[in-house]
Amino acid sequence: MTDERTFIAVKPDGVLRGLMGEIIKRFEQKGFKLVAMKFMLAPDSLLKEHYIDLKDKPFYAGLCKYMGSAPVCAMVWEGLSAVKTGRVMLGETNPADSKPGTIRGDLCIQVGRNIIHGSDSVESANKEISLWFKPEELVSWKLAALEHIYE
Ligand code: UDP
Ligand code: MG
């Protein structure tokens, strides 16, 4: 199962702070394979659907507004336990609870400006990937280092 996929997005604050490279670097260096990437101003309809499970939360409207306030870098990363390991790499939702060494633990401070999104289950990853990308935008290629990353 080295082909599990997760949806990762650098949020507008991460983009505006110049943290895209740092975040991409961490996934690349870990050994995950980039399958798709899109730099875009996300339309409100897409953001509302992306966060539909949170529609009754008091922060939902502000969250959608923040997510559409500047471009995002939307990505699909693939590898063994990409969803779970991706979440570990992100840290906790609240950066204050995130350990040093994690993306949120190292690079941000407040929950409302936590710079990155990552799918929380394989099911939501599949949903999010199909929401943000067309099937033909998912690139099929061989990571040359694969045989050195997995035994
Ligand atoms: N969020 C917020 N205030 C909160 C909780 C969440 O602004 O009290 C935002 C934050 O940007 C978070 C996003 O809503 O990343 C989605 O929340 P979720 O619980 O799904 O956290 P995540 O999966 O991003 O860790
Ligand atoms: Mg979530």
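For the structure itself, consult the block above.
Small disclaimer: the values here were computed from a predicted structure and weren't measured.

### Some words on the packing of aromatic side chains
Then comes step 1: One pass over the structure, following the stated rule, counts four aromatic pairs.
Then comes step 2: Considering the side-chain rings of Phe27 and Phe32, the 6.4 Å spacing of their centres and the 35 degrees angle between planes classify their relative orientation as tilted.
Then comes step 3: Classification of Phe27 by relative accessible area gives buried; the value is 0%.
Then comes step 4: Taking the relative accessible area as the measure of exposure, Phe32 reaches 6% and is therefore buried.

### Quick look at the environment of Phe133
Then comes step 1: In this fold, Phe133 is placed in the loop between helix H7 (122-132) and helix H8 (146-149).
Then comes step 2: Here Phe133 falls in the buried class, since its relative accessible area comes to 5%.
Then comes step 3: When the C-alpha atoms of Phe133 and Lys30 are compared, they prove to be 23 Å apart, with 103 residues separating the residues in sequence.
Then comes step 4: Contact partners of Phe133, with chain neighbours within four places excluded, come to Phe7, Ala36, Met37, Lys38, Ala74, Met75, Val76 and Leu138.

### Looking at the site of ligand 1
Then comes step 1: In the region of ligand 1, the neighbouring residues are Lys11, Tyr51, Leu54, Phe59, Leu63, Arg87, Thr93, Arg104, Val111, Gly112 and Asn114.
Then comes step 2: A distance of 3.1 Å is found between an oxygen atom of ligand 1 and a side-chain nitrogen or oxygen belonging to Arg104.
Then comes step 3: Against a free-state accessible area of 510 Å², the protein chains account for coverage of 76% of ligand 1.
Then comes step 4: Within the shell around ligand 1, the residues separate by chemical class into five nonpolar, three polar and three charged.

### Thoughts on helix H5 (residues 82-90)
Then comes step 1: Among all positions in H5, only Ala82, Val83, Gly86, Met89 and Leu90 are buried. With its buried residues spanning 125 degrees around the axis, H5 presents them on a single face. The exposed residues of H5 that point more than 90 degrees off its buried face are Lys84 and Val88.
Then comes step 2: Residues of H5 that are buried in the fold lie against strand E1 (5-10), helix H2 (20-30), strand E3 (72-78), helix H6 (103-107), strand E4 (116-118) and H7.
Then comes step 3: Gly91 lies just past H5 and shows a positive phi near 95 degrees.

### Here's the deal with the pattern of salt bridges
Any two side chains of opposite charge can pair, so long as their charged atoms come close to each other.
Then comes step 1: Scanning the model with the defined rule gives seven salt bridges in all.
Then comes step 2: A salt bridge links Asp106 to Arg26, with the shortest nitrogen-to-oxygen separation between them at 3.0 Å. You can see Asp106 sitting in helix H6 and its partner Arg26 sitting in helix H2, a full 80 residues away along the chain.
Then comes step 3: For Lys33, the salt bridge identified is with Glu78, shortest N-O distance 3.6 Å. Placement of Lys33 in strand E2 (residues 33-40) and of Glu78 in strand E3 is noted, with a sequence separation of 45 residues between them. A single burial state applies to Lys33 and to Glu78, both of which are buried.
Then comes step 4: Here the salt bridges share partners, and the residues they tie into one network are Glu22, Lys25, Arg26 and Asp106.

### Thoughts on the state of the cysteines
Then comes step 1: The full count for this structure, using the stated rule, is zero disulfides.
Then comes step 2: Left unpaired, Cys64 is separated from the closest cysteine sulfur, that of Cys108, by 19 Å.
Then comes step 3: Between Cys73, a free cysteine, and Cys108, which holds the nearest cysteine sulfur, the sulfur-to-sulfur gap is 16 Å.
Then comes step 4: Assessed through its relative accessible area of 2%, Cys73 is described here as buried.

### Re the pairing of E3
When a strand is regular, its side chains alternate between the sheet's two faces.
Then comes step 1: Here E3 lies mainly inside the structure; seven of its seven residues are buried.
Then comes step 2: Two strands pair when backbone bridges link them, and E1 and E3 are joined in this way by six bridges, in the antiparallel orientation. From the neighbouring strand, Val10 faces E3, where its bridge partner is Cys73.
Then comes step 3: When E2 meets E3, the two strands line up antiparallel, connected through seven bridges. By the bridge assignment, Phe39 is partnered in E3 with Cys73.

Parameters and conventions
Residues numbered from 1 in each chain as written. Chains lettered and ligands numbered in written order. Predicted model: local features only at pLDDT ≥ 70, side-chain atom pairs only at ≥ 80, totals over all residues. Heavy atoms only, no water. Phe/Tyr/Trp six-rings, centres within 6.5 Å; stacked < 30°, edge-to-face > 60°. Buried < 20%, exposed > 50% of the residue type's maximum accessible area, 1.4 Å probe, protein only. Helix = DSSP H or I, 4+ residues; strand = E, 2+ residues; numbered from the N terminus. Contact = heavy atoms within 4.5 Å. Near = heavy atom within 4 Å. Polar contact = N/O pair within 3.5 Å; in protein donor to acceptor, adjacent residues only side chain to side chain. Areas by Shrake-Rupley, 256 points an atom, 1.4 Å probe, with all protein chains shown as cover. Nonpolar A, V, L, I, M, F, W, Y, C, P; charged D, E, K, R; others polar. Arc of directions from axis to C-beta. Salt bridge = Lys/Arg side-chain N within 4 Å of Asp/Glu carboxyl O. Disulfide = S-S within 2.5 Å. Pairing = 2+ DSSP bridges.

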